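Examination of the molecular architecture
Single-letter residue listing:
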Amino acid sequence: MTEVVADWRPLAAVLVSALAIALIVASHRRRNVRELWSVLAAVAKFAIVLSMLPGVLDGREYRWSMGMVPGLTDEFVFGVDLALRADQLGMLFAVLASFLWIFTAFYCAGYMRGLSEPNQTRFFAAFAASLSTALGIAFAENLLVMFLFYELLSIVTYPLVAHDETDEARVAGRKYLAYTFFGGGFLVLGGTVIIYWLTGLADPADVEGVEAGESTATVQFGEIAEPLWAVFEAGAAAELLFVVTFGMLALGFGTKAAIMPLHSWLPDAMVAPTPVSGLLHAVAVVKSGAFGVSRVVLDVFEPELTAALDMHVALAALAAFSFLMASFIALRKDNLKRRLAYSTASQLSYIIMGVALLVPAGVAGGLLHIPAHAFMKLTLFFCAGAIHVETHTDDISKMAGIGKRMPLTMSAFAVAAAGMAGIPLIAGFVSKFYMLVGSIQMTGDAAIGEPTAAGFVFASALIISGIMNVAYFWPVVYTAFFESEDAHDAKPLVEFPYGGEKASYGVLGRGGEAHADGGEPVTDGGSTDDSAGQEEREDSHTGEHHDDHEHGDHHEDGHHDHHHHGGAPPGGWVRTSPREESTWLMLLPITVIVTGAVLLGIVPGDLAFLDLVVEIAEAATGGEVAV
Amino acid sequence: MTELEALAVAPPAFVVLVAAIAAAFLPRLYGHALGALATLWVLAVALFAPAGEHWAVEFMGFDVVFFQVDGLSQLIGLAAGLLATAAVVYAYSSDAPRVMTAFALAYVGCTTGLIFSGDWLTLIVWWELMAVTSTLLVWHHGGEAVRAGYRYAIAHGIGGSLLLFAVIWHLAAGGGLGLEGGIDAGSLTPLSGVGIEATAPAILAAVGIGVNCGFVGLHTWLPDTYPRPHVAASVFLSVFTTKTGAYVLLQAFPEGSMLLAYMGGAMAVYGVVFALLQHDMRALLSYHIMAQVGYMTAGIGLVAAGSSAGSVGAMMHAFNNVLFKALLFMACGVVVYRTGIDDLYELGGLWKKMPLTAGAFGLGALSITAVPPFNGFISKGMILDAADTGATYANLTGGNELVWWMLFIGAIGTFLSFIKLGFYVFLHGEYDGIVTDATRGQSAAMLSVGGACLVIGLPGVWQQVTGVALASADVTAIDPAIAVDNFNPYSTGHLLDAAVLLTVSVVAFPLVRRALYRIGHVRDVEAVLNPLVFYSGKVGVYAVTETFGAIDRAGIRFVRLCYWVGSHPVVVFQRVSRRLPRGLRPAFVDGPAAPDGGQPSRLYIRAGIGLTVLVLAVILTLVLALTL
């Protein structure tokens, strides 16, 4: 039995950055003080969360409820408490989010100053608010509180997505809200209501801890499964209703987790500044979606009922479909951030599939992928952002030889990309290993060791996806370090004939041919066309000239057009040493986070994450992870 | 602790990896010197470190053995350490850039880690890292090597993933992580077909390891990649991936399988046929790697025929191959380095101007063609012996004669191709340009390796090396009676075979050489396989992206339609009601609204009782169906 301790710390963790909002806005005239508030809030948040970690690992749970405020009662509405509870699964997400925010705060400062972005105060304030709501999601004790914070997260991240205030940004922001706030929110709220009603149908005699005459209705995690199971067994409601509810909740949270086919808000949201993409893709939003799905499977329906409904196979199949399709699409993207977006959609589905396997190793692997992917993906996005700030290059086809200009950044990119492909000694290998074990162990009626056909398919899908990761990340790595500006393969590889097509920027050696505005490709190896209809915009500037833009110097302030050529300057990329390639504000976070990804791959047992996920998996499934 | 125990303190892989990092930053001389010292350390560990598990740790939540010394690892480690040292010296004197040597040393380090690993998890970790470091080594050269390196990475990614799948399946089925017993969890039901029973993990492991070994059909990366990078890089590449592939194959299949024996025979024949047709020197040698690994595969497979000598022969052959294959790459590398020419038909008569290189080549060629008393003669003899025995194996007709003949034909082909290579490069005609012989470092490297090839084959010495191979637990577990005395490579039968091979080849070569020249360049299976993979991938990508694009556009159109419906309800209602049958059509009061729906509030609708009841009944039915 877990010990529940009343404590103000969960609330403190959530509110500390809400407090920072006021301070950030108040110091809008003094940039360094403003940035300092962000960093301090992040450190304070991490400290509060970390202080709860030893207790949680020991089996304690920290609970704050509204009743702890003098004069208020716990109950918020219809018997549902407004409460925050730090349990093991919640701590996994909270530790990750708060730790990564510390470094994201530094990176944001470097990025926004490097591009002289407008509305920085609004940006930092919204950032702080998002982290507040993200921790609210992590610590939510029941579905309703989680729904509240979920919607709040969508709202406060809208100004971040639409930050640029261009038409494209606004469209992307609207799409983002339409999918996550309305679509996802409607599904989650509907599912919550149905759960409340369904659990209320149970006979109090069947549910532990409920007196006769009391209502069994509940939406609290960990307490829903029992009445739900009783109702299911008694046949008091149609099985179809359970399936529909599961689907609603899973898809509602899955929208934010960018599961296909509800993923298309994510690539469009790439129009946001890169730290936002990093936040969206590693720290808060998509992880909260995956976290929500984990809660649904592990704490709402719980493995027994999920398996009885066979929904685990359906969910895992959807996830497997999702990660394969996303990998296919990623192969065709020229814009680096979009390629990373589809990679994210793919990797998030790993988490969902791992959890849906319902065997201890699979659940552990899926949950371990939450921090593993976060570290790797954040590194990749930070690298993409640094490249954008320093060289204004967004497209892979223009990055040949960029390793000379940005050695440290591209090396970190290479390491993180290797981790995504599942190369050992980097975080991705550990989670993939456990998920593969879990797939094989997903037994149906077959004898131990004989995987069901479903398990075999899922394992194969994981293997194939790993190889596809190699296929779409390696070209970026090799073009950066090993290809020359004037002799390289045209990218993306799949758009050109077998054997590759030689392309050249025409920048080396022959000075007379260089273009004054720098970076305009002489022979672009083909048109930079994109696939899905709405993405033409950012690539359609062959032939445009930016007369006011000289490559290499940073901008006078003011709103600038994000649609840059980028690319190699005349004379080729300038060889730069790691110390000078960019500001320390961006390089430090990149280095720390890629080191974290490597440490997670070498000694995951020493970093609390592995222990946490093993304990969560074993508690939820009732089995042992050890093979 | 004693000096010997000091050798077991740190896994040798770490020593080499540290040297690799240092080599990237230090000046060339110091970096290479440090690298050579690190590889000598590996040699010392292989020779002198006490046997046993030296570093059992917990990794990723599993208990693994990171550093273990046993007979097999000593044997392969010995060859690896010796050759790596020579290769570093060769690289230094071939103007290898320091970053290239750093990558090469990292590759050697990962190989060392694999050789001395004590369980499957450690092994697969090093296996994948070997693929990554060798890819970097290939890429470093730039130019054509980059795209070839990408193909190489994908091929090895597939192989590594399949092996990982096999290891995990074996683990999840209760087989554990230990290396003993290979990959064949007893609790699984084997799949039978083609007269052979194999469990799914075993099949996956065979294909996965087969990529590294160069099984027929999985081999196309070999001639695609090895000829392209720097000559010193080719030396490193030529030995480590493929020979450790054979080593891992033996670990996975200690009891062999006739399927493997046949694959080995097929590889031997296929490899030499294509080698004979090559123009590029290093491509010829690459196909030969395939043929030679075919011998090893056959040896491993033949254990199933009751001959455990096969695996001993296979490992001896791996040991010898590391030495003479690298020597051949070194010699041809010197020719490329000095002349800049890859095509053997454009060279000739180099023995006069490059006698040292020609001599080194000769040593390597005599070893690979199994001429006594070179080392190749010993190990090839052992494998052919293994193929000769096995009359007890009842499942296949004709015993193992088929395998024996395939291996013998392979031997003839080997002879022919090396006569061809030596003839066209060193003997035939005159070379017009100005060339100097190998540099001092190159010569030292080549001659030391060549000398080793000669010495190891000598009577008295080969028994020592075989004894080391026999000390591995797996071999003696299968056949406790086996001992060095069971082997007799210098028997009259073997010497006669060697004489026959030599005569046949020397006679046949002048007859076929012109025909070979005229056949020109024959495309290998990669001409079909590579475009197939590429275009099916391209079709897949386009299909998925266009489908999703279409769905997305349809979705947007639908949303726009909904917006339009929401803002023009009157028009919509009118259009819809116009399509209903007359009896159900609602009556409009106040006449039709303007076509653009500009007066939404003026619409008064009266639906008849029938329509109202129908609509209500349909809605109620739906609600009831859902909730019941």
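All of these numbers come straight from a predicted model, not from anything done at the bench. (Residues numbered from 1 in each chain as written. Chains lettered and ligands numbered in written order. Predicted model: local features only at pLDDT ≥ 70, side-chain atom pairs only at ≥ 80, totals over all residues. Heavy atoms only, no water.)

Some points on the overall build of chain B
Selection criterion: Here a helix means four or more residues in a row that DSSP labels H or I, a strand means two or more in a row labelled E, and each is numbered from the N terminus. The buried label goes to any residue with under 20% of its type's maximum accessible area, the exposed label to any with over 50%, and the partly exposed label to all in between, with areas taken from a 1.4 Å probe on protein chains only. Whether two residues are in contact is decided by their heavy atoms: any pair within 4.5 Å suffices. Only the protein chains shown count as cover for residues, with accessible areas throughout obtained via the Shrake-Rupley method and a probe of 1.4 Å.
Scanning chain B from N- to C-terminus turns up 24 helices and eight strands. Out of the 628 residues belonging to chain B, those deemed buried represent 57%. Contacts in chain B between residues at least 24 apart in sequence constitute 78% of all its contacts with a sequence separation of at least 6. For chain B, the exposed area adds up to about 24,600 Å²; of that, 68% sits on carbon and sulfur atoms.

A look at the packing of helix α15 (residues 360–391) of chain A against helix α20 (residues 609–621) of chain A
Residue and element names in this part refer to chain A. Rules: For helices, the fitted line uses only the C-alpha atoms of the stretch in contact; every axis is such a line through C-alpha atoms, and the angle between N-to-C directions lies from 0 to 180 degrees. Each crossing gets its hand from how the near helix is turned against the far one by less than a right angle, where anticlockwise is left-handed and clockwise is right-handed. Polarity classes work like this: nonpolar for Ala, Val, Leu, Ile, Met, Phe, Trp, Tyr, Cys and Pro, charged for Asp, Glu, Lys and Arg, and polar for all others, with Gly in that last group.
Running from N to C, α15 and α20 point in directions that differ by 145°, and their axes come no closer than 8 Å. Pair α15 / α20 crosses with right-handed handedness. Here P360, V363, A364, L367, L368, P371 and F375 of α15 lie close against α20, whose contacting residues are F609, L610, V613, I616, A617 and T621. Partitioned by chemical class, the residues of the contact of α15 with α20 number twelve nonpolar, one polar and no charged.

Section: empty space enclosed by the protein
Note the cut-off: For cavity detection a 1 Å grid was placed over the protein atoms alone, and a set of points counts as a cavity when a 1.4 Å probe fits there but cannot get out; an open set counts as a pocket when protein lies on both sides within 12 Å along at least five of seven lines, with lining residues being those that have an atom within 4 Å of a point. Grid points are joined across faces, edges and corners, and a volume is the space filled by probe spheres set on the points.
Considering all chains together, one arrives at twelve cavities of 30 Å³ or more under this definition. In this structure, the largest cavity spans a volume of roughly 160 Å³. Lining the largest cavity are 17 residues, with I423 and V470 of chain A together with E128, A153 and G157 of chain B positioned closest to its centre. Where the lining of the largest cavity is concerned, the elements lending two or more residues are α18 (453–481) of chain A together with α6 (120–139) and α7 (144–175) of chain B. Top contributing element to the lining of the largest cavity by residue count: α7 of chain B, with five residues. Its volume calculated, the second largest cavity comes out at about 90 Å³. Lining the second largest cavity, in full, are A370, F377, K380, G381, L384, A411, H494, D497, A498 and L501 of chain B. Taken together, the residues that form the lining of the second largest cavity break down as six nonpolar, two polar and two charged.

Some points on the confidence of the model for chain B
We apply this condition: You can read pLDDT as the predictor saying how much it trusts each residue, on a scale of 0 to 100.
For chain B, per-residue confidence averages 84 on the pLDDT scale, and residues scoring 70 or more make up 89% of the total. Note on the complex model: pTM 0.88, ipTM 0.86.

What to know about the interface of chain A and chain B
As a reminder of what qualifies: Accessible area that two parts lose when put together, with a 1.4 Å probe and added across both, is what the buried area reports. Note on definitions: salt bridges are taken to be side-chain nitrogens of Lys or Arg within 4 Å of carboxyl oxygens of Asp or Glu. Polar contact is defined as a pair of N or O atoms within 3.5 Å, subject to the rule that within protein one atom must be able to donate a hydrogen and the other to accept it, and that residues adjacent in sequence are counted only when both atoms are side-chain atoms.
Contact residues are listed per partner, giving 60 residues for chain A and 52 residues for chain B. Interface area for chain A against chain B, summed over the two sides, is near 5,000 Å², with a carbon-plus-sulfur share of 76%. Among the residues of chain A in contact with chain B, F433, F482 and Y498 of chain A are the three that bury the most area, contributing 16% of the side total. The interface formed by chain A and chain B contains three salt bridges. The partner of D489 of chain A in a salt bridge is R147 of chain B, with the nearest N and O atoms 3.2 Å apart. At the junction of chain A and chain B, the tally comes to nine residue pairs in polar contact (both at pLDDT 80 or more). At the level of elements, α6 (167–200), α13 (311–330), α17 (427–441), α18 and α19 (584–602) of chain A are the ones that each hand at least two residues to the side of chain A that touches chain B. The residue inventory of the side of chain A that touches chain B, partitioned by class, reads 41 nonpolar, eleven polar and eight charged.

Overview of the side chain of E483 of chain A
As for its placement among the helices and strands, E483 of chain A is situated in the loop between α18 and β6 (488–489). At a separation of 2.8 Å, a polar atom in the side chain of E483 of chain A contacts the side chain of T479 of chain A. At a separation of 3.2 Å, a polar atom in the side chain of E483 of chain A contacts the main-chain amide nitrogen of D489 of chain A. If sequence neighbours within four positions are ignored, E483 of chain A has contacts with A400, G401, Y478, H488, D489 and K491 of chain A together with V146 of chain B.

Observations regarding the pattern of salt bridges
Within this structure, the stated rule accounts for 25 salt bridges over all chains. The salt bridge partner of E485 of chain A is K404 of chain A, with a shortest N-O separation of 3.2 Å. Of the two residues, E485 of chain A sits in the loop between α18 and β6 while K404 of chain A sits in the loop between α15 and α16 (407–420), which places them 81 residues apart along the sequence. E430 of chain B is paired through a salt bridge with K352 of chain B; the nearest N and O atoms lie 2.3 Å apart. Of the two residues, E430 of chain B is situated in the loop between α17 (401–427) and α18 (440–457) and K352 of chain B in helix α14 (residues 350–353); the sequence distance between them amounts to 78 residues. Residue classification places K352 of chain B among the partly exposed residues on the basis of a relative accessible area of 46%. Overlapping salt bridges, with partners in common, bring together E61, R63, D81, R85 and E141 of chain A in one network.

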